[in-house]
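# Structure at a glance
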Amino acid sequence: MATIFSKIINGEIPSHKIAENEEFFAFLDINPVSPGHTLVVPKMEIDYIFDIEDDVLGRMMVFAKQVAAAQRTAISCKRIGMTVIGLEVPHAHIHLIPMNKESDIYFGKEKGTPTQEELAEIAIKIRKEFK
Ligand code: 5GP
């Protein structure tokens, strides 16, 4: 059965897309730990990130770097933090999280519940900066 992220990539489930290329897809996390929290996923369905072939993983990191550059320009923050957890959705993904302090990237706190309009507004800002 397709993962929820494959359904997002295929457009069966709506998302606030940031960027995509042939291999990867980036979209806003629906429950961000900080505003602009973005997920980068491979289009190929694979659960564990370190099972990804070296060359694909390398390109995934470069794609994540491009997304992070767009986030950093669009959102007021010191830098973009990166983490991989993957306990909830069995489809490899990198979390890219705008941060000003360490606690901005802490997953133990209550996550945000932005409206669709708020997510759309942030997505537009980040998309504009994606090169
Ligand atoms: P993890 O698997 O790394 O623990 O977390 C999965 C992440 O995916 C969570 O941060 C969660 O908010 C996000 N997520 C789960 N379902 C959806 C969804 O349907 N749409 C979006 N945009 N994000 C989701």
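The structure we're discussing is the one just above.
Quick caveat, the model's predicted, so the values are computed rather than measured. (Residues numbered from 1 in each chain as written. Predicted model: local features only at pLDDT ≥ 70, side-chain atom pairs only at ≥ 80, totals over all residues. Heavy atoms only, no water.)

### A look at the sheet that holds strand S1 (residues 17-20)
Spatially, S1-S2-S3-S5-S4 is the arrangement adopted by the five strands of the open sheet, whose pairing is antiparallel. Edge strands, defined here as strands with exactly one partner in the open sheet, are S1 and strand S4 (79-83). The sheet shows a mean angle of 20° between the axes of neighbouring strands, direction not considered. Pairing of strand S2 (residues 24-28) with strand S3 (residues 38-42), which is carried by five bridges, proceeds in the antiparallel orientation. Counterpart to Ala26 in the pairing with S3 is Val40. Against the sheet, helix H2 (residues 54-74) contacts S1, S2, S3, S4 and strand S5 (94-99), and its axis sits at roughly 25° relative to S5. Where helix H3 (residues 116-129) meets the sheet, its contacts fall on S1, S2 and S3, and the angle it forms with S1 comes to roughly 35°. (Pairing = 2+ DSSP bridges. Helix = DSSP H or I, 4+ residues; strand = E, 2+ residues; numbered from the N terminus. Axes fitted to C-alpha atoms, helices over the stretch in contact; angles between N-to-C directions. Contact = heavy atoms within 4.5 Å.)

### Side note on the site of the ligand
Around the ligand there are 17 residues in total, and Asp29, Gly86, His93, His95 and Lys111 lie nearest to it. In the environment of the ligand, an oxygen atom lies 2.9 Å from a nitrogen or oxygen atom belonging to the backbone of Glu88. Between the ligand and the protein, one listed contact pairs an oxygen atom with a side-chain N or O atom of His93 at 2.6 Å. Protein chains bury 90% of the 520 Å² of accessible surface belonging to the ligand in isolation. A majority-of-atoms criterion places the ligand in the largest pocket. For the shell around the ligand, the secondary-structure elements that each account for two or more residues are helix H1 (4-9) and S2. Per-element accounting of the shell around the ligand gives the leading share, three residues, to H1. (Near = heavy atom within 4 Å. Polar contact = N/O pair within 3.5 Å; in protein donor to acceptor, adjacent residues only side chain to side chain. Areas by Shrake-Rupley, 256 points an atom, 1.4 Å probe, with all protein chains shown as cover. 1 Å grid on protein atoms, 1.4 Å probe; cavity = no way out; pocket = protein on both sides within 12 Å on 5 of 7 lines; lining within 4 Å. Sits in = over half its atoms within 2 Å of the grid points.)

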